[in-house]
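Examining the three-dimensional arrangement
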Amino acid sequence: MPENDVKLTKLAKCAGCGAKVGAGVLAQLLDGIQVHRDPNLLVGFDKSDDASVYKVSDDLALVQTVDFFPPIADDPYLFGQIAATNALSDVYAMGGEPKLCLNIMAVPESMPKEAVHQLLRGGYDKVYEAGALITGGHSILDDEPKYGLAVTGFVHPDRVLTNSGARPGDVLLLTKPIGIGVLTTAQKAEMLSAEGRALAEKLMTTLNKSARDAMVKYRVHACTDVTGFGLLGHSYEMAQGSDVELELEVDAIDLIPEALEFANMGLLPAGMYRNRAFAEVGVDAGETALCRQDLLYDPQTAGGLLMAVDPADAEALHRELQGRVPSAQRIGVVKAYRGGKRIFLR
């Protein structure tokens, strides 16, 4: 075997955002930790947002986030690209622009130097595509490789987007198809088609920059990126944080056909079950088939942006997103909370 021919996914127990601690467990771990108040801290961890935001001046706030995970691709360069794309997404979801990044890396001592170099190069190339800079980082030795970024971005204090601002009447837009977690699970089992693999890789290396650049021109009241907690997990957090209900039109959601086939076979990532355990208490699934429900709980790696848009701007933003994002979808509406369930599948 050539020195740099290493099967990274064989070194990891789970892949990408499927490795995230479940939202319900995470809430328990954070419960009881004292939160110190600062009038300039505009967004902290108390609302389950994608990043923290700290006001520096009347015109400038810092957006900060960190994200890393074990390999989701065997090719080190591709893994670096995917991990960087995923980490940068949290800043885009807050309406910010990434500016400075720090590498976070763990590698086995036996991992070939060329493979490590390619991993880092993948991250660098994607960060530079975003218009940001990598300025350093930290690395350790570990039996299981992991990579990601700490990202700092800029946003105007009056234009920060959170996942808790959705209002009744808002239209829900989504910018990438759903099913990435199932596809990567199938790839690890060597069951995924060449076309499915190419689609997953394209989606996971597409920055949410174009979606963010379009979004900030319109009245978007709330936004989150759909990653490890799946569409229903992140939607549930948005509904709770905003004290609203979300009505999702399942037929309007772009479910990747091959992923739906695998879900119908029961080939699902472990993260799907964690997401279901967290969110299903707040979901009325109606007549939705189980395999479609499973995809809606599927953990996404570098997924799209979920936006709650003022109804007067929704059509214009939807049109602008078409052709600029992998899949511009109008998937539902926000309604006033009536008690009981938070998410309704139609």
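A short tour of the structure in this document, coming up. Since this is a predicted model, take the numbers as computed values, not measurements. (Residues numbered from 1 in each chain as written. Predicted model: local features only at pLDDT ≥ 70, side-chain atom pairs only at ≥ 80, totals over all residues. Heavy atoms only, no water.)

1. Description of the nonpolar core
Applicable threshold: Only buried Ala, Val, Leu, Ile, Met, Phe, Trp, Tyr and Cys residues count toward a nonpolar core, and they belong to the same one when joined by side-chain atoms within 4.5 Å. Partly exposed residues are those whose accessible area sits between 20% and 50% of the maximum for their type, while under 20% is buried and over 50% is exposed, using a 1.4 Å probe and protein chains only. The helix count covers DSSP runs of H or I at least four residues long, the strand count covers runs of E at least two residues long, and both are numbered beginning at the N terminus. Two residues qualify as a contact provided that any one of their heavy atoms is within 4.5 Å of a heavy atom in the partner residue.
In this structure, Leu-149, Leu-172, Leu-231 and Leu-345 are the most contacted members of the largest nonpolar core, which totals 83 residues. Broken down by element, the residue count for this core peaks at 9 residues, all from helix α2 (residues 76–93). In this structure Leu-149 touches Thr-65, Val-66, Asp-67, Ala-84, Ala-87, Cys-101, Leu-102, Asn-103, Ile-104, Val-127 and Ile-134, once residues within four positions along its chain are discounted.

2. Here's the deal with the sheet that holds strand β1 (residues 41–43)
Cut-off, in case you're wondering: A pair of strands is considered paired only if DSSP assigns at least 2 bridges between the two. Angular values range over 0 to 180 degrees, each being the angle between N-to-C directions of two axes fitted as lines to C-alpha atoms, with helices fitted over their stretch in contact.
With mixed pairing, the 6 strands of this open sheet are ordered in space as β1-β2-β3-β6-β4-β5. Every interior strand has two partners, whereas the edge strands, β1 and β5 (133–141), have only one. Each adjacent strand pair in this sheet contributes to an overall mean axis angle of 20 degrees, direction not counted. Bridge count between β1 and strand β2 (residues 52–57): 2 bridges; the pairing is antiparallel. Its bridge partner being in β2, Leu-41 is matched across the sheet by Tyr-54.

3. Details of the packing of aromatic side chains
Applicable threshold: Working definition: rings of Phe, Tyr and Trp (its six-membered ring) pair if their centres are within 6.5 Å, and the pair is stacked with planes under 30 degrees apart, edge-to-face with planes over 60 apart, and tilted otherwise. Only when the NZ of Lys or the CZ of Arg is both within 6 Å of the ring centre and within 35 degrees of the ring normal is a charge said to sit over the ring.
This model, assessed by the stated rule, comprises 5 aromatic pairs. Taken together, a centroid distance of 5.8 Å and an interplanar angle of 80 degrees make the contact between Tyr-124 and Tyr-128 edge-to-face. Taken as a pair, Tyr-124 and Tyr-128 lie in helix α3 (residues 113–129) at a separation of 4 residues, close to a single helical turn. Since its relative accessible area comes to 29%, Tyr-124 is described here as partly exposed. Taking the centre distance of 5.4 Å and the plane angle of 65 degrees together, the rings of Tyr-236 and Phe-278 count as edge-to-face. Separated by 42 residues along the polypeptide, Tyr-236 in helix α7 (residues 230–242) and Phe-278 in helix α9 (residues 270–279) bring together distant segments of the chain. Assigned by exposure class, Tyr-236 and Phe-278 land together as buried. Clustering of aromatic rings is evident, with ring pairs tying together Phe-69, Phe-79 and Tyr-147. When the ring centre of Phe-344 is taken as origin, the NZ or CZ atom of Arg-338, which lies over that ring, is 5.4 Å away.

4. Some words on the sheet that holds strand β7 (residues 171–174)
Across the sheet, which stays open at both edges, the 7 strands sit in the order β8-β11-β7-β12-β9-β13-β10 with mixed pairing between neighbours. For this open sheet the edge positions go to β8 (220–225) and β10 (283–284), each flanked by a neighbour on one side alone. Here 3 bridges tie strand β9 (residues 244–248) to strand β13 (residues 343–345), and the two strands are oriented parallel to one another. Within the sheet, the bridge partner assigned to Leu-246 lies in β13 and is Ile-343.

5. Side note on the side chain of Gln-300
How we decide: Under the rule applied, a polar contact is a pair of N or O atoms within 3.5 Å (in protein, one hydrogen donor and one hydrogen acceptor; residues adjacent in sequence only if both atoms are side-chain atoms).
Assignment of secondary structure puts Gln-300 in the loop between α10 (290–297) and β11 (305–309). Overall, the relative accessible area of 1% leaves Gln-300 in the buried class. Side-chain polar atoms of Gln-300 contact the side chain of Asp-298, separated by 2.8 Å.

6. Quick word on unusual backbone geometry
Here Glu-190, not a glycine, exhibits a phi torsion of approximately 60 degrees, which is positive. Among the secondary structure elements, Glu-190 is positioned in the loop between α4 (180–188) and α5 (194–204). Positive phi, normally seen in glycine, also occurs at Ala-302, with a value near 55 degrees. Structurally, Ala-302 is set in the loop between α10 and β11.

7. Looking at α7
Put simply, the test is: Every helix has an expected span of 1.5 Å times one less than the residues it contains.
In this model, α7 (13 residues) spans 18 Å end to end at C-alpha, consistent with the 18 Å of a helix rising 1.5 Å per residue. With 11 of 13 residues buried, α7 is to be regarded as a mostly interior element. Of the residues making up α7, those classed as buried are Gly-230, Leu-231, Leu-232, Gly-233, His-234, Ser-235, Tyr-236, Glu-237, Met-238, Ala-239 and Ser-242. A positive backbone phi angle near 55 degrees is found at Asp-243, which sits one or two residues after α7.

8. Describing the side chain of Ser-235
Counting through the fold element by element, Ser-235 comes out in helix α7. Here Leu-231 takes part through its backbone oxygen, which lies 2.6 Å from a polar atom of the side chain of Ser-235. Once residues within four sequence positions are removed from consideration, Ser-235 is found in contact with Leu-246, Leu-248, Leu-306 and Ile-343.

9. Things to note about the pattern of salt bridges
To be explicit about the condition: The salt bridge definition used is simple: a Lys or Arg side-chain nitrogen within 4 Å of an Asp or Glu carboxyl oxygen.
For the structure on display, the rule yields 19 salt bridges. A salt bridge links Asp-313 to Arg-219; its shortest N-O distance comes to 3.0 Å. With Asp-313 in helix α11 (residues 311–321) and Arg-219 in the loop between α6 (209–215) and β8, the pair connects residues that are 94 residues apart, well separated along the chain. Here Arg-276 makes a salt bridge to Asp-294, at a shortest N to O gap of 2.6 Å. In this pair, Arg-276 sits in helix α9 while Asp-294 sits in helix α10, placing the two residues 18 residues apart along the sequence. For Arg-276, a relative accessible area of 14% translates into the label buried. Through salt bridges with shared partners, one network takes in Asp-142, Glu-144 and Lys-146.

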